Amino acid sequence: MPPLLNLRSFLDVLHDNNQLLTIDVPVDPYLEIAEIHRRVIAQGGPALLFTQVKNSRFPVVTNLFGTAQRLELAFGKRPIHFVQGLVNLVEHAMPPTLGGIWASRSLFLQGLKVGLKSRKKAPILDCCQRPARLTELPMLTSWHSDGGAFVTLPLVYTEHPDGQGHNLGMYRIQRYDDTTTGIHWQIHKGGGFHYFAAEQRHIPLPLTLYIGGPPALMLAAIAPLPENIPELILASLLQGEKLSMIDDPHGGHRLVAEAEFAIKGIVPPHLRKPEGPFGDHYGYNSLQHDYPVFQTSHLYHRKDAIYPATVVGRPKQEDFFIGDFLQELLSPLFPLVMKGVRQLKTFGETGFHCLAAARVTDRYPREAFAAGLRILGEGQLSLTKFLLVTDGAIDVADFPRLWQYILERIQWDRDLFVFANVSQDTLDYTGPSVNKGSKAMMLGLGDRVRELPKEFSGSLPEHCSRPQAYLPGTLVVQGASYASSPSLARDLAQWAGVLEWPVVVLVDSSSEATCSLQEFLWTFFTRFEPANDIHGREQSVHRFHVGLRTPIVFDCRIKPWYTDVLEVDPATKHLVDEKITAMLPRKYW
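Draft legend 1. Geometry of the nonpolar core. In this structure, L64, F65, F75, Y210 and L219 are the most contacted members of the largest nonpolar core, which totals 53 residues. Sort the elements by how many residues they give to this core and helix α8 (residues 215-222) lands first, with six residues. In contact with F75, other than residues within four places in its own chain, are M1, F65, P215, A216, L219, L238 and F325. The next biggest cluster of nonpolar side chains, apart from the first, holds 44 residues, and it includes L48, F50, A132 and F294.

Okay, structure coming up:
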């Protein structure tokens, strides 16, 4: 497969494979495009090219990576095979021999194509606005509760003030006016570290915001790489050819030659402005908070520029498929970076950070715990809220099997660890305040120690109803609202009628939580905070470790301080209902 060096070459491939639907009906980037996108992705539909966008001369394309098939069309298996080959070389071909080098010659030839190269002419320099006019860009407002229009596929490029490398990350951008935006730098993210270093020196941080470009550029910005691994090099690896760069005639950062848009400017130190609200990828509405401000100076774009966007919200959305592809690509590296970790999976059904699972080695007592700590201390994985760890010969991506395996083996007095008073993902509002919360690790090691119940024949206390034995050992119970019965989870843990069940999940609606594995994972792991919402029948402290006795109740009801679940507002639904027959085939109505 020839390298896809820009967006339009990818669109040609999608068109040739019946994976691109062109919509010539006029559409509004305010709420309308997002709702059309949501309906199409829910049906596994194609990428969407909107050619007539209100108040903008630029077409909009969405849902570029909304299926595994389209990711395969963009990248194939070549980068995955290259990474696996690189790992095999490191593990088995050291020290190097002539025979080993010859056997790996194709790998070395591919490696010669990885890197950056300079060009003297490039389409990104076709047009320049100075000053920038950001209101001409068709930025999407995806939810009626959003605080404004956002760049939803932003590629934010910064360099460390001390020259310690670059970062290309996806940090949401809220447009304030023609020349300024917010920049949502979350904790534990590379661009935020660069800004912190600049702010400590009381100097502005130069920033280049790319929108669109080679498909590889977009995925590299999302990839959860260790802090000092350059994303532009990953982009080159993904596309199978060196990434073309060109000098900016106005100075500053060099530009990606095949980008669609490049917006240059600075982020001043010590300046903050309210950013948000925004409907995020957890499926909830993140609130307004103060964030740094991007002050733009000029904007470059191709003369035929196409504006790519995505829509995030309640899983599964486009980011789910991107995340799965990146995990497949990067998973061979985990054993090199984190000794003892044989397989690692983060679950997009929960927004990725809420749940992760690992298969590890356990060669000496509690080595598995050490491997778990390595995971919780590694880059963006440090934002993991709930980590499942096993040494079993199973695929940890298979959650039902993994969960049953762990429940059959966990010893609740010693194998559940809760770490209170730690940082938590900015978008997770289950903790006591923004960025603060707790983590938990569950170990399921060695031989099976119990049989798990599969049918419920007990009783429930008042204010509990509709029990569902969803998975072996796991009972889902519907309870009264947290606001009316805050102690219900503790009461349920004491109830003799559920005594045989290792785990009870207390929810607002058991029918919704058990209608699919997707809904079960989303309801379970996005609606509790370990230090506040895990309850046992009895609790003991031995050698400073808190042990529990079953049943263990996870209180996964919506709490009063949680933010709203994302739902389409009636006006937008009605608007799209009225127009969709002229836009899309009948199966998407």
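Draft legend 2. Layout of the sheet that holds strand β23 (residues 416-423). Ordered in space as β20-β21-β22-β24-β23, the five strands form an open sheet in which the pairing is mixed. Both outer strands of the open sheet, β20 (341-347) and β23, are each paired with one neighbouring strand and no more. Across this sheet, the average inter-strand angle for adjacent strands is 15°, counted without regard to direction. Those strands touched by helix α12 (residues 367-376) are β20, β21 (352-360), β22 (386-390), β23 and β24 (436-444), and its axis lies near 145° from that of β24.

Draft legend 3. Structural detail: the pattern of salt bridges. Following the criterion strictly, the structure yields 35 salt bridges and no others. Note that E258 and R302 form a salt bridge whose closest N and O atoms lie 2.7 Å from each other. Pair noted here: E258 is in the loop between β13 (255-256) and β14 (261-267) and R302 is in the loop between β18 (289-301) and β19 (307-309), with a separation of 44 residues, a long-range link. Exposure class is identical for E258 and R302. Each is buried. For D428, the salt bridge is made with K385, and the minimal N-O distance between the two is 3.1 Å. Placement of D428 in the loop between β23 and β24 and of K385 in the loop between α12 and β22 is noted, with a sequence separation of 43 residues between them. Counted as one network, the salt bridges with shared partners bring together R8, R119, E258, E260, R302 and D304.

Draft legend 4. Spotlight on the pairing of strand β8 (residues 166-169). Residues H166 and L168 line one face of β8 and the alternating positions N167 and G169 line the opposite face, and both faces are buried. As paired elements, strand β7 (residues 154-159) and β8 share four bridges and run antiparallel to each other. Residue T158 lies in a different strand from β8, and its bridge partner there is N167. Hairpin geometry of β7 and β8 is characterised by an intervening segment of six residues between the two adjacent antiparallel strands and by a positive phi of about 75° at G163.

Draft legend 5. Examining the packing of aromatic side chains more closely. By the definition in use, this model includes 29 aromatic pairs. Here F320 and F321 contribute two aromatic rings whose centre-to-centre distance is 5.4 Å and whose plane-to-plane angle is 85°, an arrangement assigned as edge-to-face. For F320, a relative accessible area of 7% corresponds to the buried category. Measuring from ring centre to ring centre gives 5.6 Å for F520 and F524, while their planes differ by 75°; the resulting arrangement is edge-to-face.

Draft legend 6. Local environment of the state of the cysteines. Within the structure shown, the criterion is met by zero disulfides. Between C127, a free cysteine, and C128, which holds the nearest cysteine sulfur, the sulfur-to-sulfur gap is 9.0 Å. Summary of cysteine pairing: C556 is not part of a disulfide, and the nearest cysteine sulfur, belonging to C354, is at 11 Å.

Draft legend 7. The arrangement of the pairing of strand β2 (residues 47-50) in detail. Both faces of β2 are covered, namely the face carrying A47 and L49 and the face carrying L48 and F50. Inspection of the sheet shows strand β1 (residues 20-23) paired to β2 by four bridges, in the parallel sense. Within the sheet, the bridge partner assigned to L21 lies in β2 and is L48. In this region the chain leaves β1, passes through helix α2 (residues 32-42) and returns to the parallel neighbour β2; the handedness of that crossover is right-handed.

Draft legend 8. Quick peek at empty space enclosed by the protein. Considering all chains together, one arrives at one cavity of 30 Å³ or more under this definition. In terms of residue class, the lining of the largest cavity is made up of six nonpolar, three polar and two charged.

Draft legend 9. Structural context of helix α7 (residues 190-200). With eight of eleven residues buried, α7 lies mostly within the body of the structure. All buried positions along α7 are accounted for by G190, G191, G192, H194, Y195, A197, A198 and E199. Of the surrounding secondary structure, the elements contacted by the buried residues of α7 are β7, β8, β11 (205-211), β14, β15 (272-275) and β18. Of the residues flanking the end of α7, it is H202, one or two places downstream, whose phi is positive at about 60°.

Draft legend 10. Geometry of the packing of helix α3 (residues 68-75) against helix α10 (residues 318-330). Interhelical geometry of α3 versus α10 gives an angle of 50° and a closest axis separation of 9 Å. In terms of orientation, α3 lies oblique with respect to α10. For the element pair α3 and α10, the recorded crossing hand is right-handed. Residues A68, L71 and F75 of α3 form the contact with α10, whose participating residues are F321, I322 and F325. Within the contact of α3 with α10, the residues separate by chemical class into six nonpolar, no polar and no charged.

Draft legend 11. Looking closely at the confidence of the model for the protein. On average, residues of the protein carry a pLDDT of 93, and 95% of them reach 70 or more. Throughout residues 97-103 the model reports pLDDT below 50, and contacts reaching past four residues in sequence, or to other chains, amount to two contacts.

Draft legend 12. Quick peek at unusual backbone geometry. For the peptide bond that leads from G276 to P277, omega is 0°, which places it in the cis range. Omega for the peptide link from P315 to K316 comes to 10°, which places this bond in the cis form. The topology assignment puts K316 in the loop between β19 and α10. Even without being glycine, N55 reaches a positive phi, approximately 65°. Classification of N55 as exposed rests on a relative accessible area of 68%. With phi around 60°, N63 is a residue other than glycine that occupies positive phi space. The residue N63 is located in the loop between β3 (60-62) and α3 in this model. What makes N63 buried here is its relative accessible area of 0%.

What counts, and at which threshold
- Sequence order as written defines the numbering, with residues in each chain counted from 1.
- Totals for whole chains, interfaces and linings use all residues, but because this is a predicted model, local features are given only for residues with pLDDT of at least 70 and pairs of side-chain atoms are given and counted only at 80 or more.
- Side-chain numbers come from the whole structure's heavy atoms, not from hydrogens or water.
- Here, nonpolar core refers to any group of buried Ala, Val, Leu, Ile, Met, Phe, Trp, Tyr and Cys residues whose side-chain atoms link them within 4.5 Å.
- The buried label goes to any residue with under 20% of its type's maximum accessible area, the exposed label to any with over 50%, and the partly exposed label to all in between, with areas taken from a 1.4 Å probe on protein chains only.
- The way it works is that DSSP assigns letters per residue, a run of H or I at least four long becomes a helix, a run of E at least two long becomes a strand, and they are numbered from the N terminus.
- The contact definition used throughout considers only heavy atoms, calling two residues in contact when any of these lie within 4.5 Å.
- Following DSSP output, two strands are said to pair if at least two bridges run between them.
- To get an axis, fit a line to the C-alpha atoms, keeping to the stretch in contact for a helix; angles then go from 0 to 180 degrees between the N-to-C directions.
- The salt bridge definition used is simple: a Lys or Arg side-chain nitrogen within 4 Å of an Asp or Glu carboxyl oxygen.
- Ring pairs are drawn from Phe, Tyr and Trp, using the six-membered ring of Trp, whenever the two centres fall within 6.5 Å, and their geometry is named by plane angle: stacked under 30 degrees, edge-to-face over 60, tilted for the rest.
- A pair of cysteine sulfur atoms is labelled a disulfide when the two atoms are within 2.5 Å.
- By the criterion used throughout, a crossover qualifies as right-handed when its path from the first strand across the helix to the second strand runs clockwise, the strands pointing away from the viewer.
- A 1.4 Å probe that fits into a set of points on a 1 Å grid over the protein atoms alone but cannot get out defines a cavity; an open set with protein on both sides within 12 Å along at least five of seven lines defines a pocket, and lining residues are those with an atom within 4 Å of a point.
- Grid points are joined across faces, edges and corners, and a volume is the space filled by probe spheres set on the points.
- When residues are sorted by character, Ala, Val, Leu, Ile, Met, Phe, Trp, Tyr, Cys and Pro go into the nonpolar class, Asp, Glu, Lys and Arg into the charged class, and all the rest, Gly among them, into the polar class.
- Comment on the angle field: the value is read as roughly parallel under 35 degrees, roughly antiparallel over 145, roughly perpendicular from 65 to 115, and oblique elsewhere.
- The sense of a crossing depends on the near helix, which, turned anticlockwise from the far helix by less than a right angle, makes the crossing left-handed and, turned clockwise, makes it right-handed.
- Every residue is assigned a pLDDT by the predictor, reflecting its confidence on a scale from 0 to 100.

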